[in-house]
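Close look at the chain arrangement
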Amino acid sequence: MEKDLIYKISGLNELYDAFHKAQKNSNWKASVQKFESNLFANLNELSNLIRTNKYEQKPFNAFKLNERGHVRLIKSLHISDRVVQRTVCDNILTPYLNKYLIYDNGASQKNKGIDFCRKRLSIHLQKYIRKHGTDGYILLCDFRKFFDNINHEKLLEIFIKYIKDEKAINFIKKLIDTFKIDVSYLSESERKEAVNQVFNSLEYEKIDKKALTGKAFIYKSVGIGSQISQIAGIVYASEIDNYIKIVKGIKYYARYMDDFYVIDKDKQFLKSLLIQIKEISSRLGLTLSDNKTQIRKLSAGFRFLKIKYSITKTGHIVKRVCSQNITRHRRKLRKLKKKVESGRIKFPDVLNMHKSWVGNLKRFDCYRTLNNIQNYFNSLFKKEIENYERKRKTRTKNTRFNIPADVELFTDWRLENSKIPGIFSNRATSAIRY
């Protein structure tokens, strides 16, 4: 079996499939095109490096990304390293670990995601209301700096529990250890304390690189931006999932990475459950956010995954988008307006982006909000919309007989002045000039 797993992830067919998945939506990059230009030789080299245990990952390309008001540090990989992580995740981690996860663990899995967790919350609320009515409470929890504080040793213990292959585990350990933190700038006593403290990668980036000599490391944190980090986030808190679902037998529970909820009619039970969750989190090296962890009455309304939920007296569940999202989109439209005027971006691209955002909102109870934001968009891009509609009508007219929209039409006077009646219409006498 030891030979089978390590040879499976390094097989040329597996690496070939992994490349085509890894390059999806990024084949415009020069590094991807260069790798693909000599694809089979590069895949063969990767296969040999993995099988001879000589594979070494290239340095990360770290950059900051502002996502929905949150600044995140992204650690992206070279295409060759993405291929390796893809084959490891698709052929070892996902098939070996997924069958041990609860159904309501909904992040970064096939046929699951943020919409899945929102639907599960709606289903849980509906089932609870039918059984107990609108009287009840919901425990909302969120981990502080979840990915930054995943302990490598504890993560590997979870992998070893389900993957009985020493060579495969050693190779996975090598990939995880690339996220280790250089703490050479700290004293020996400070390093011991740092292991149990909440690590913040954004603050860590401010440290002078000259102070990071590579003499001492702590093995925690998995950077956002790689597939193995996503799987680590799914699996790492599964002890909490199993405790709540299996040991406590609670039906109304779901988790989306570092956000999760529990619904129950007894507030005191949720308070005691929260204490037990904190104990398990402490063993895992995780800390719950004091600001976001709270127990709310269902009838008072609450917020989960950027959606505001409120329940009427009749038990109807109302879902609205948070006002911060609306404000952020308005602000974004004003910035895009300036970019359109300066020629940095085309209006059709802005229009498609806006349609996509509006299409997402149509699933929630926000009819007036949609009308207001659409009126704002129309007033902001009034001239651009008029020009776009004028061109669209012209394009529709020109493509009536499959004539491309970007060609110039002119009339051949020889055909137009032809004395043969009934044969050449105005459209038929038109020629195409490219």
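Just above, that's the structure.
Now for a description of the structure that goes with this document. (Residues numbered from 1 in each chain as written. Predicted model: local features only at pLDDT ≥ 70, side-chain atom pairs only at ≥ 80, totals over all residues. Heavy atoms only, no water.)

On the secondary structure map, Asn 149 appears in the loop between strand S3 (137-142) and helix H7 (152-162). Side-chain polar atoms of Asn 149 contact the side chain of Lys 220, separated by 3.2 Å. Apart from residues lying up to four places away in sequence, Asn 149 is in contact with Arg 144, Gln 197, Val 198, Phe 199, Lys 220, Ser 221, Leu 284, Gly 285 and Leu 286. (Helix = DSSP H or I, 4+ residues; strand = E, 2+ residues; numbered from the N terminus. Polar contact = N/O pair within 3.5 Å; in protein donor to acceptor, adjacent residues only side chain to side chain. Contact = heavy atoms within 4.5 Å.)

Counting 67 residues, the largest nonpolar core has Val 83, Leu 93, Phe 159, Phe 171, Ile 172 and Ile 244 as the members making the most contacts within it. The element that contributes the greatest number of residues to this core is helix H5 (residues 79-97), accounting for eight residues. Those residues in contact with Val 83 that sit more than four places away from it in its chain are Leu 15, Ala 18, Phe 19, Ala 22, Leu 43 and Leu 46. Listed in part, the 29 residues of the second largest apolar core include Leu 140, Ala 254, Ile 311 and Val 358. (Core = buried A, V, L, I, M, F, W, Y, C linked by side-chain atoms within 4.5 Å. Buried < 20%, exposed > 50% of the residue type's maximum accessible area, 1.4 Å probe, protein only.)

Moving on, we get to the pattern of salt bridges. Evaluation of the coordinates by the stated rule reveals 14 salt bridges. For Lys 292, the salt bridge identified is with Asp 142, shortest N-O distance 3.4 Å. Note that Lys 292 is positioned in the loop between helix H13 (267-284) and strand S8 (294-297) and Asp 142 in strand S3, a separation of 150 residues in sequence. Among the charged side chains, a salt-bridge network with shared partners connects Lys 21, Arg 86 and Asp 90. (Salt bridge = Lys/Arg side-chain N within 4 Å of Asp/Glu carboxyl O.)

Here we come to the packing of helix H2 (residues 12-22) against helix H4 (residues 39-51). With their axes 10 Å apart at the nearest point, H2 and H4 run at an angle of 120° to one another. With respect to their mutual orientation, H2 and H4 come out oblique. Here H2 runs over H4; the crossing is right-handed. Between H2, through Leu 12, Leu 15, Tyr 16 and Phe 19, and H4, the contact on the second element is made entirely by Leu 39, Phe 40, Leu 43, Asn 44, Leu 46 and Ser 47. Here the contact of H2 with H4 is built from residues that sort into eight nonpolar, two polar and no charged. (Axes fitted to C-alpha atoms, helices over the stretch in contact; angles between N-to-C directions. Parallel < 35°, antiparallel > 145°, perpendicular 65-115°, else oblique. Left-handed = near helix turned anticlockwise from the far one by under 90°. Nonpolar A, V, L, I, M, F, W, Y, C, P; charged D, E, K, R; others polar.)

Locating Thr 293 in the fold gives a position in the loop between H13 and S8. What makes Thr 293 buried here is its relative accessible area of 15%. Within the local environment of Thr 293, its side chain forms a polar contact with the backbone oxygen of Ser 289, the two atoms lying 2.7 Å apart. Every residue in contact with Thr 293, bar those within four places of it in the chain, is listed here: Leu 140, Cys 141, Asp 142, Leu 274 and Leu 288.

This part is about the packing of H7 against helix H8 (residues 166-176). Two elements in contact, H7 and H8, have axes whose closest approach is 11 Å; the angle formed by their N-to-C orientations is 150°. Classified by the angle their axes make, H7 and H8 are roughly antiparallel. The chirality of how H7 crosses H8 is right-handed. Listed contacts from H8 to His 152, Leu 155, Leu 156, Phe 159 and Ile 160 of H7 are Ile 169, Ile 172, Lys 173 and Ile 176. When the residues that make up the contact of H7 with H8 are grouped by side-chain class, the tally is seven nonpolar, one polar and one charged.

We now examine unusual backbone geometry. The phi angle at Met 257 is positive, at roughly 60°, despite the residue not being glycine. By relative accessible area, which is 6% here, Met 257 ends up buried. One non-glycine residue, Leu 305, adopts positive backbone phi at about 50°. Looking at the element boundaries, Leu 305 is found in the loop between strand S9 (302-304) and strand S10 (307-311). Relative accessible area serves as the criterion here: at 11%, Leu 305 is assigned to the buried category.

With that out of the way, let us pick up the packing of aromatic side chains. Two measures describe an aromatic ring pair: the distance that separates the ring centres and the angle between the ring planes. According to the stated counting rule, one finds 19 aromatic pairs in the structure shown. Ring plane angle 20° and centroid distance 5.5 Å describe the contact between Phe 143 and Phe 146, whose orientation is recorded as stacked. Taken individually, Phe 143 and Phe 146 each receive the classification buried, so the pair is uniform in this respect. Every member of this aromatic cluster is reached through a ring pair, and the members are Phe 143, Phe 146, Phe 147, Tyr 253 and Phe 260. The ring of Phe 60 carries Lys 75 above its face, with NZ or CZ at 5.7 Å from the centroid. Directly above the aromatic system of Tyr 376 lies the positively charged group of Arg 330, at a separation of 4.6 Å from the ring centroid. (Phe/Tyr/Trp six-rings, centres within 6.5 Å; stacked < 30°, edge-to-face > 60°. Lys NZ or Arg CZ within 6 Å of the ring centre and 35° of its normal.)

Assignment of secondary structure puts Gln 324 in helix H14 (residues 323-342). Sequence separation between Gln 324 and Lys 306 is 18 residues, and the spatial gap between their C-alpha atoms is 9.0 Å.

On the surface, Arg 331, Lys 332, Arg 334, Lys 335, Lys 338, Lys 339 and Arg 344 cluster together to form a positively charged patch. Relative to the assigned elements, Lys 332 resides in helix H14. According to the relative accessible area criterion, Lys 332 is partly exposed, its value standing at 43%. (Patch = residues over 30% accessible without salt bridge, like charges linked within 9 Å, V, L, I, M, F, W, Y side chains within 5 Å. Areas by Shrake-Rupley, 256 points an atom, 1.4 Å probe, with all protein chains shown as cover. Lys, Arg positive; Asp, Glu negative; His and termini not counted. Charge placed at Lys NZ, Arg CZ, Asp CG, Glu CD.)

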